[in-house]
Amino acid sequence: MPSASSRKQVSSTASGRKVYVKFQTLTGTPNGQGGFVNGGNWNDVAGLIQVPITFRTWTPYEKYIAQQLYPGVTSRCYMRWRRGANIMVTMRMVYGSHIYWIRGVSNYDEANTDIILYVEELQPTGTTRQ
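I will try to describe carefully the structure that is included in this document. In this text, all values refer to a predicted model and were calculated from it rather than measured experimentally.

1. Some points on the pairing of strand E5 (residues 92-95)
Looking along a regular strand, one sees side chains alternate from face to face of the sheet.
Here is step 1: Residues Arg92 and Val94 line one face of E5 and the alternating positions Met93 and Tyr95 line the opposite face, and both faces are buried.
Here is step 2: Bridge analysis of strand E1 (residues 18-27) against E5 gives three bridges, and the strand direction is antiparallel. By the bridge assignment, Gln24 is partnered in E5 with Arg92.
Here is step 3: Summarising the sheet, E5 and strand E6 (residues 98-107) pair through four bridges and their orientation is antiparallel. Across the sheet, residue Arg92 finds its bridge partner in E6, namely Trp101.

2. Looking at the pattern of salt bridges
It is possible for side chains bearing opposite charge to pair when their charged atoms get close.
Here is step 1: The tally for this structure, following the rule as stated, stands at two salt bridges.
Here is step 2: Measuring nitrogen to oxygen at the nearest pair gives 3.8 Å for the salt bridge that ties Asp44 to Lys22. Of the two residues, Asp44 is situated in strand E2 (residues 41-44) and Lys22 in strand E1; the sequence distance between them amounts to 22 residues.
Here is step 3: Overall, the relative accessible area of 37% leaves Asp44 in the partly exposed class.
Here is step 4: In this structure, Glu120 engages Arg103 in a salt bridge whose closest nitrogen and oxygen atoms are separated by 2.7 Å. Residue Glu120 is found in strand E7 (residues 114-121), and its partner Arg103 is found in strand E6; the two are separated by 17 residues along the sequence.

3. A short note on the side chain of Glu121
Here is step 1: You can see Glu121 is positioned in strand E7.
Here is step 2: Classification of Glu121 as buried rests on a relative accessible area of 2%.
Here is step 3: Here His98 takes part through its side chain, which lies 2.7 Å from a polar atom of the side chain of Glu121.

4. Some words on the environment of Thr27
Here is step 1: Relative to the elements of secondary structure, Thr27 occurs in strand E1.
Here is step 2: Owing to a relative accessible area of 30%, Thr27 belongs among the partly exposed residues under this scheme.
Here is step 3: Along the sequence, Thr27 and Trp42 sit 15 residues apart, while their C-alpha atoms lie 6.3 Å from each other.
Here is step 4: Those residues in contact with Thr27, other than ones at most four positions away along the chain, are Phe36, Gly40, Asn41 and Asn43.
Here is step 5: A polar side-chain atom of Thr27 sits 2.4 Å from a polar atom in the side chain of Asn43.

Cut-off values and rules
Residues numbered from 1 in each chain as written. Predicted model: local features only at pLDDT ≥ 70, side-chain atom pairs only at ≥ 80, totals over all residues. Heavy atoms only, no water. Buried < 20%, exposed > 50% of the residue type's maximum accessible area, 1.4 Å probe, protein only. Helix = DSSP H or I, 4+ residues; strand = E, 2+ residues; numbered from the N terminus. Pairing = 2+ DSSP bridges. Salt bridge = Lys/Arg side-chain N within 4 Å of Asp/Glu carboxyl O. Polar contact = N/O pair within 3.5 Å; in protein donor to acceptor, adjacent residues only side chain to side chain. Contact = heavy atoms within 4.5 Å.

So, in structure tokens, the structure goes:
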């Protein structure tokens, strides 16, 4: 049996897949109460379309909302730091037909090299990705 030092570390390509996403922000006519008239509209953010990121699934879970069981998953996404790109938790990230709510944004070590996004998909649609 080979020793532990001769074994190669194998990384999964499924847990670190690179995809292209777009970011959207909610816009519309303010209603004076912190929201928008008719709920507002989600529009693409200029300069944040076709952004390459690396997904890493973090925690799958289930929770009850309105007496129904909803599955969810939290993930970490890594992208290169971009000058002038201001990604906020009020935005959402879209990948195919999947919508991810941004729960946190971190400029890793304040080094302006990588951005870590903590995202959540409230109702995952399964393993089929587009």
